[in-house]
Amino acid sequence: MAEFTMELNDEQKEVRDWLHGFAADVIRPAAAEWDEREETPWPVIQEAAKIGVYSLDFYAQQYFDPTGLGIPMVMEELFWGDAGIALSIVGTGLAAVGVLANGTEEQIGTWIPQMYGDVNDAKVAAFCSSEPDAGSDVASMRTRAVYDEAKDEWVLNGTKTWATNGGIANVHVVVAVVDPELGSKGHASFIVPPGTPGLSQGQKFKKHGIRASHTAEVVLENVRVPGSCLLGGKEKLDERLARARERARSGERVKNAAMATFEASRPAVGAMAVGTARAAYEVALEYATTREQFGRPIVDNQGVAFQLADMRTSIDAARLLVWRASWMAVNGKPFTAAEGSMSKLFASETAKKVTGQAIQILGGNGYTREYPVERMHRDAAIYTIFEGTSEIQRLVIARTLAGVPIR
Ligand SMILES: Cc1cc2nc3c(=O)[nH]c(=O)nc-3n(C[C@H](O)[C@H](O)[C@H](O)COP(=O)(O)OP(=O)(O)OC[C@H]3O[C@@H](n4cnc5c(N)ncnc54)[C@H](O)[C@@H]3O)c2cc1C
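Residues numbered from 1 in each chain as written. Predicted model: local features only at pLDDT ≥ 70, side-chain atom pairs only at ≥ 80, totals over all residues. Heavy atoms only, no water.

**Overview of a nonpolar patch on the surface**
Phase 1 of the analysis: Taken together, the side chains of Phe4, Met6 and Leu320 define a hydrophobic patch exposed on the protein surface, amounting to about 280 Å² of accessible area.
Phase 2 of the analysis: Tracing the backbone shows Phe4 in the segment before α1 (10-37).
Phase 3 of the analysis: Residue classification places Phe4 among the partly exposed positions, given a relative accessible area of 31%. (Patch = residues over 30% accessible without salt bridge, like charges linked within 9 Å, V, L, I, M, F, W, Y side chains within 5 Å. Areas by Shrake-Rupley, 256 points an atom, 1.4 Å probe, with all protein chains shown as cover. Salt bridge = Lys/Arg side-chain N within 4 Å of Asp/Glu carboxyl O. Helix = DSSP H or I, 4+ residues; strand = E, 2+ residues; numbered from the N terminus. Buried < 20%, exposed > 50% of the residue type's maximum accessible area, 1.4 Å probe, protein only.)

Here you go:
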């Protein structure tokens, strides 16, 4: 097990500086344009693929880094550049992690490379779990997967919503109900391969922020996928369902395995929030030291300076929570106080607050699109919503502390 460290090692610093260069030279200058266009920034993704920022190898290397600081470092730098573009670059990772967590080695080897495409033809992937009536309450999911034994195929029907890259993805990972009696224990994940008939994009959403990231409904109408597309395979699913039925009969309560996965993935979202917060703080600091009113820089007023002090303190605290949780995840430490949720909760709320304070410090300029902080503020609002809202994080933390089962 790697010791927890609060400093990046030399190799990590090198990667961080390289990423920062890409964020500063390629992502940030393109941010306003793609925010206005509300389209997937394919040229930027392609550029990222060319230099290796958008590649399976790169993320695998960071994902398995024993210090746990690799993924938070990548997220912070890319989202420092711009949240919408960065999500277009890292959104595929959500689907890839879904396969990594539940798939067989063969499925991992077959599908994850197809999610990224290649250097000259980058592709994206989508993870489709949320539905119009099943957001926080995942157990209310209705999309059904029915096994056609004669053909060894699964038939998927339903409507998914708010899917990042939904409908434009090469590979879709779809969560569906296989046994409605079992609530969230009766769900399974499926790969929908490129070009499968019956999968189509529904409404594409016009959003408040992260507008360069594509968010859409995914409609599944009699989508047939081979048996080999069930993540983990049929035998494992049958065993899992049999265990869940037995527990339901006996009333036994067990730890929710999906919760452990969420605890491990939430620090990455926290790191995205840290990136956005830091970006806004830096703009505000620079502005406060150069903008003069009443014959002196506005930072000379305690009212402004103290805000900056609070902003920086919260950002540093958020990063430490994120790093701790990420280190715990990589090293298999049990999340006895829901430290993953804690990190996401604090970092998300920090990003929302800090970006708002940045607008205040920039005054009228902060409110216009001439400066980036209003975009950062719009972007920051997503962190308290996706991957579990702030209320759900508090619920998870409180139930974990109280020893009450999380459904
Ligand atoms: C831009 C964007 C991208 C997304 N990307 C994806 C994706 O790629 N894949 C995917 O599957 N999903 C995705 N989502 C969906 C996202 O995860 C959900 O929006 C989120 O889980 C919240 O669900 P909901 O919107 O239905 O809100 P609801 O669950 O309807 O919640 C509404 C409000 O009620 C509160 N609330 C609900 N239950 C409780 C409770 N028990 N206690 C206290 N408060 C409660 C919530 O905190 C929230 O404030 C995305 C969403 C957005 C906006």
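There is more to say after this.
**Some details on the UniProt feature "domain: Acyl-CoA dehydrogenase/oxidase N-terminal" (unreviewed entry) in the protein chain**
Phase 1 of the analysis: According to UniProt, the positions carrying the feature "domain: Acyl-CoA dehydrogenase/oxidase N-terminal" (unreviewed entry) are residues 9-115.
Phase 2 of the analysis: Taken end to end, residues 9-115 has its terminal C-alpha atoms 30 Å apart, with 83% of it in helix and 0% in strand. (UniProt positions renumbered as here; feature names shortened; annotations may be inferred.)

**Some thoughts on the pairing of strand β6 (residues 171-177)**
Phase 1 of the analysis: A large share of β6 lies buried, amounting to seven of its seven residues.
Phase 2 of the analysis: Of the two faces of β6, both are covered, the one formed by Val171, Val173, Val175 and Val177 as well as the one formed by His172, Val174 and Ala176.
Phase 3 of the analysis: Two elements, β6 and strand β7 (residues 187-192), share six bridges in a ladder whose sense is antiparallel. If you follow Val175 over to β7, its bridge partner there is Ser189. (Pairing = 2+ DSSP bridges.)

**Regarding the site of the ligand**
Phase 1 of the analysis: As a structural note, the neighbourhood of the ligand is formed by 20 residues, with Ser130, Ser136, Trp162, Thr389 and Glu391 the closest of them.
Phase 2 of the analysis: Residue Trp162 places a main-chain N or O atom 2.8 Å away from a nitrogen atom belonging to the ligand.
Phase 3 of the analysis: In this structure, Thr389 approaches the ligand through a side-chain N or O atom, which is 2.6 Å from an oxygen atom.
Phase 4 of the analysis: Expressed as a share of its isolated accessible area of 960 Å², the protein-covered part of the ligand is 65%.
Phase 5 of the analysis: Contributing elements (two or more residues each) for the shell around the ligand: β5 (153-164) and α12 (390-402).
Phase 6 of the analysis: Composition of the shell around the ligand by domain shows at least three residues from each of domain 2 (125-250) and domain 3 (257-402). (Near = heavy atom within 4 Å. Polar contact = N/O pair within 3.5 Å; in protein donor to acceptor, adjacent residues only side chain to side chain. Domains from an automatic or database assignment.)

**Focus: the nonpolar core**
Phase 1 of the analysis: Membership of the largest hydrophobic core comes to 104 residues, with the highest contact counts inside it found for Tyr59, Leu78, Phe79, Ile89, Met115, Phe190 and Tyr383.
Phase 2 of the analysis: Here this core gets 14 residues from one element, more than from any other, and that element is helix α8 (residues 257-290).
Phase 3 of the analysis: Once residues lying within four places of it in the same chain are set aside, the contact partners of Tyr383 are Phe79, Ala83, Val269, Met272, Ala273, Thr276, Lys344, Ser348 and Ala351. (Core = buried A, V, L, I, M, F, W, Y, C linked by side-chain atoms within 4.5 Å. Contact = heavy atoms within 4.5 Å.)

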